[in-house]
Amino acid sequence: MSMSTIISRFKSLYRRGLSVVAIGTVMLVLMGQSVAIAAPYAPGLAKAVAAIEELDQMRSTLAASLDGQSAAPTPETFKAVCKPVGMRAQQLSQENHWQVKQIATRYRNPAHAPDTVRSRLALAKFKQDANLQGLWENTTLNGQPGVRYYRRINVEVSCLACHGARDARPDFIKVNYPDDTAFDFNVGDLRGMYAVFIPNEVQQALQSSLEASPHDDSTPVF
Ligand code: HEC
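Note that the structure is a prediction, hence the values are computed from the model and not measured. (Residues numbered from 1 in each chain as written. Predicted model: local features only at pLDDT ≥ 70, side-chain atom pairs only at ≥ 80, totals over all residues.)

K.L.:
Tell me what's going on with the overall build of the chain, and back it up with residues and numbers.
P.N.:
On a plain count of helices and strands, the chain comes out with 10 helices and 5 strands. Residues counted as buried form 30% of the 222 residues belonging to the chain. (Helix = DSSP H or I, 4+ residues; strand = E, 2+ residues; numbered from the N terminus. Buried ≥ 20, exposed ≤ 12 C-beta atoms within 10 Å, placed from the backbone.)

K.L.:
Explain unusual backbone geometry residue by residue, including any values.
P.N.:
In this structure, His97 is a non-glycine residue whose phi angle is positive, near 60°. Within the secondary structure, His97 sits in the loop between helix 6 (82-96) and strand 2 (99-103). What makes His97 partly exposed here is the crowd of 14 C-beta atoms within 10 Å. Not every positive phi belongs to a glycine, and Asp184 is a case in point at roughly 65°. Mapped onto the secondary structure, Asp184 falls in the loop between helix 9 (171-176) and strand 5 (190-199). Its 14 C-beta neighbours within 10 Å are what place Asp184 among the partly exposed residues.

K.L.:
Give me the pairing of strand 3 (residues 134-141): which residues, what numbers.
P.N.:
With 8 bridges connecting them, strand 3 and strand 4 (residues 144-154) associate as antiparallel partners. Counted as the bridge partner of Asn138 is Val147 from strand 4. Joining the antiparallel neighbours strand 3 and strand 4 is a turn of 2 residues, in which Asn142 adopts a positive phi near 50°. (Pairing = 2+ DSSP bridges.)

K.L.:
Which residues make up the environment of Asn200, and what values do they have?
P.N.:
In this structure, Asn200 sits in helix 10 (residues 200-211). Distance in space between the C-alpha atoms of Asn200 and Gln144 is 8.0 Å, their sequence separation being 56 residues. The contact partners of Asn200, leaving out residues within four places of it in the chain, are Pro145 and Gly146. (Contact = placed C-beta atoms within 7 Å.)

K.L.:
Explain the site of the ligand to me, and be specific about the residues and the numbers.
P.N.:
Taken together, the neighbourhood of the ligand is formed by 27 residues, with Cys82, Arg108, Asn109, Cys159 and Cys162 sitting nearest. By residue class, the composition of the shell around the ligand is 14 nonpolar, 8 polar and 5 charged. (Near = placed C-beta within 6 Å. Nonpolar A, V, L, I, M, F, W, Y, C, P; charged D, E, K, R; others polar.)

K.L.:
So, the nonpolar core: which residues are in play, and what are the values?
P.N.:
Counting residues in each nonpolar core, the largest one holds 28 residues, and the members touching the most others are Leu45, Ala48, Tyr149, Tyr150, Met193, Tyr194 and Val196. If we ignore the near neighbours within four places in the chain, the residues touching Tyr149 are Leu45, Ala48, Val49, Gly134, Trp136 and Val196. If you look at the next biggest cluster of nonpolar residues, it comprises 6 residues, including Ala63, Val81, Cys82 and Cys162. (Core = buried A, V, L, I, M, F, W, Y, C linked by C-beta atoms within 7 Å.)

K.L.:
How would you sum up helix 4 (residues 43-64)? Please name residues and give values.
P.N.:
Each turn of an α-helix holds 3.6 residues, which means side chains three or four residues apart point in the same direction. Between its first and last C-alpha, helix 4 extends 32 Å over 22 residues, near the 32 Å set by a 1.5 Å rise per residue. Pro43, Gly44, Leu45, Ala46, Lys47, Ala48, Val49, Ala51, Ile52, Leu55, Arg59 and Ala63 are the residues of helix 4 that are buried. (Expected span 1.5 Å × (residues − 1).)

K.L.:
Outline the confidence of the model for the chain, supporting the account with residue identities and numerical values.
P.N.:
The predicted model of the chain has a mean per-residue pLDDT of 81, with 72% of residues at 70 or higher. Of all secondary-structure elements in the chain, the lowest mean pLDDT belongs to helix 3 (residues 35-38), at 36, while strand 2 reaches the highest, 98. Scored below 50 in pLDDT, residues 11-41 makes 50 contacts in the model with residues more than four places away or belonging to other chains. (pLDDT = per-residue confidence, 0-100.)

K.L.:
Describe the packing of helix 4 against helix 6, listing the residues and the values that go with them.
P.N.:
Angle between the axes and distance between the axes: these two values describe a pair of packed helices. The N-to-C vectors of helix 4 and helix 6 enclose an angle of 160°; their axes lie 9 Å apart at closest approach. Here helix 4 is positioned roughly antiparallel relative to helix 6, judged by the angle of their axes. For the element pair helix 4 and helix 6, the recorded crossing hand is right-handed. Where helix 4 abuts helix 6, its residues Ala51, Leu55, Met58, Arg59 and Leu62 lie against Cys82, Pro84, Val85, Arg88, Ala89 and Leu92. (Axes fitted to C-alpha atoms, helices over the stretch in contact; angles between N-to-C directions. Parallel < 35°, antiparallel > 145°, perpendicular 65-115°, else oblique. Left-handed = near helix turned anticlockwise from the far one by under 90°.)

K.L.:
Outline the environment of Ala168, listing residues and values.
P.N.:
Structurally, Ala168 is set in the loop between helix 8 (160-163) and helix 9. The spacing of Ala168 and Phe183 is 15 residues in sequence and 9.3 Å in space, taken between C-alpha atoms.

K.L.:
I'd like a rundown of helix 7 (residues 117-128), residues and numbers included.
P.N.:
For helix 7, which comprises 12 residues, the first-to-last C-alpha distance of 17 Å matches the rise-based estimate of 16 Å (1.5 Å per residue) to within 8%. By the burial criterion, the buried members of helix 7 are Ser119, Ala122, Leu123 and Phe126. Looking down the long axis of helix 7, one finds its buried residues gathered within 100° of arc, a one-sided arrangement. In helix 7, the exposed residues that point more than 90 degrees away from the buried face are Val117 and Gln128. Tucked into the core, helix 7 has its buried residues touching strand 2, strand 3, strand 4 and strand 5. (Arc of directions from axis to C-beta.)

Structure, rendered in structure tokens:
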């Protein structure tokens, strides 16, 4: 499939607003060299995809920094992995007027339980298809129409220090999360997903600000 076919397919999917649409190939378009091309059609979505890639990278880097530490990790260093990811998600929500969450079937923090039937469905799809990286859908959340973007989270070696065997979990986790079920994972397992809700209002405001710029995107460039 040529790049222009992929892009025009994305555009028509986006216009038709199919419910849950697998965007494995579209992810490449959004993340690769075509970000600028895709952006006018889905500015909020492209921005959310990029922000989530950064957020996920932040966790991987923090978790990997625990590996091979010469000094035994203190409770403070141990706390500095997934909590900051949650805090950054909140910050992204405020900055962009999005709702950015982490969601997991087996969660540690009850705030991360699946919140809608559709979010359960998205998790099931990720579980079923290990190659599926992202999904988005037109949906309504808390009475607001918008787009929700989901991105899978996989378990890496460095996650096992806290999400591996139940008994091997650090004490602060055993104490602070008595109902924890986010353990006994193996490398490559689906750990959960990020979910970004972009209200249509926010999407439209971004769209209008782009349309106000001198660049004419009324004619497709491919
Ligand atoms: C140092 C311990 C530690 C490590 C290492 C760690 N986590 Fe976590 N993880 C936690 C804690 C604690 C929470 C709950 C945070 C909160 O209260 O929001 C959590 C929560 C999460 C959540 C949110 C869903 C839930 O269960 O509440 C995801 C997703 C997650 N971790 C994925 C990962 C991934 C992926 C890695 C490896 C790249 C990883 N974690 C490494 C301690 C850790």
